[in-house]
Amino acid sequence: SVFTKVRPLDVAGLTEHVACNTSRWAIFAAHYAADGARKDAWMRTCAYNEGLDVTLESKEAALFTVVPVDGGLTSAGRRVDVMPIGLVDMFNTGGAVRSYAVRRDSNGLLAAEASVVGEGAL
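Residues numbered from 1 in each chain as written. Predicted model: local features only at pLDDT ≥ 70, side-chain atom pairs only at ≥ 80, totals over all residues. Heavy atoms only, no water.

Trainee: Could you give me a rundown of the pattern of salt bridges, with the residues and numbers involved?
Mentor: Per the stated rule, a full pass over the model turns up 4 salt bridges. Ionic pairing is found between aspartate 53 and lysine 5, a salt bridge with its closest N-O pair at 2.9 Å. Of this pair, aspartate 53 sits in strand β4 (residues 52-56) while lysine 5 sits in strand β1 (residues 2-6), and the two are 48 residues apart along the sequence. Between lysine 39 and glutamate 60 there is a salt bridge whose closest N-O contact spans 2.5 Å. One end of the pair, lysine 39, is in strand β3 (residues 38-47); the other, glutamate 60, is in the loop between β4 and β5 (61-68), and 21 residues separate them in sequence. You can call lysine 39 partly exposed: its relative accessible area is 47%. (Salt bridge = Lys/Arg side-chain N within 4 Å of Asp/Glu carboxyl O. Helix = DSSP H or I, 4+ residues; strand = E, 2+ residues; numbered from the N terminus. Buried < 20%, exposed > 50% of the residue type's maximum accessible area, 1.4 Å probe, protein only.)

Trainee: Go over the sheet that holds strand β2 (residues 24-32) with me, naming the residues and quoting the values.
Mentor: Pairing is antiparallel in the open sheet, where 3 strands are placed in the order β3-β2-β5. Two strands lie at the open edges of the sheet, namely β3 and β5, each paired on one side alone. Along the sheet, successive strands turn relative to each other by an average axial angle of 15 degrees, direction set aside. Looking at chain direction, β2 and β3 are connected through 9 bridges and run antiparallel. Note that in β3 the partner of isoleucine 27 across the bridge is arginine 44. (Pairing = 2+ DSSP bridges. Axes fitted to C-alpha atoms, helices over the stretch in contact; angles between N-to-C directions.)

Trainee: Outline the pairing of strand β8 (residues 97-104), listing residues and values.
Mentor: Looking at chain direction, β8 and strand β9 (residues 110-116) are connected through 7 bridges and run antiparallel. Bridge pairing in β9 places arginine 103 opposite alanine 111. Between β8 and β9, which pair antiparallel in sequence order, lie 5 residues; one of them, glycine 108, sits at a positive phi of approximately 90 degrees.

Trainee: How would you summarise the environment of proline 68 if you had to cite specific residues and measurements?
Mentor: With respect to the helices and strands, proline 68 occurs in strand β5. Residue class for proline 68 comes out buried when judged on its relative accessible area of 19%. Between the alpha carbons of proline 68 and methionine 83 there is a distance of 6.5 Å; along the sequence they are 15 residues apart.

Trainee: How would you sum up the confidence of the model for the protein? Please name residues and give values.
Mentor: Averaged over every residue, the pLDDT of the protein is 79; the share at 70 or more is 81%. Strand β6 (residues 70-75) is the least confidently modelled element of the protein, averaging 67 in pLDDT, while β1 averages 92, the highest of any element. (pLDDT = per-residue confidence, 0-100.)

Trainee: Tell me what's going on with the side chain of histidine 31, and back it up with residues and numbers.
Mentor: With respect to the helices and strands, the residue histidine 31 is situated in strand β2. When its relative accessible area of 8% is taken as the criterion, histidine 31 is described as buried. Within polar-contact distance, the side chain of histidine 31 engages the side chain of glutamate 60 at 3.0 Å. (Polar contact = N/O pair within 3.5 Å; in protein donor to acceptor, adjacent residues only side chain to side chain.)

Trainee: Could you give an account of the packing of aromatic side chains, naming the residues involved and the relevant values?
Mentor: The final tally for this structure, using the stated rule, is 1 aromatic pair. When the centroid spacing of 6.0 Å and the interplanar angle of 45 degrees are considered together, the rings of tryptophan 25 and tyrosine 48 count as tilted. Taken as a pair, tryptophan 25 in strand β2 and tyrosine 48 in the loop between β3 and β4 lie far apart in primary sequence, 23 residues in all. (Phe/Tyr/Trp six-rings, centres within 6.5 Å; stacked < 30°, edge-to-face > 60°.)

Below, the structure written as structure tokens:
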């Protein structure tokens, strides 16, 4: 088996994010068996230098999608955060997200919109 920690800090290109050292990040992981079947999936939010501990056995694989947590808007006294993780049934979940936005509509309700490529559940 192999053990590692997956952190936003270690992903090339994320240092260009405006507030990478102070933002919250979401790590989505999909864990696959040797035959290609998905064994499980999980998600964790963390700081830029924190991460997710991962152990894989021989012939297993895992794919990780790391995205910033956006939002921080409040509605009815509750904080709402949005993470554009992607389409859960796709192999590369994050590759499906082209853009996203969180806004408050004219009635004061929060709305999140995403533009994606492909079909599936967000």
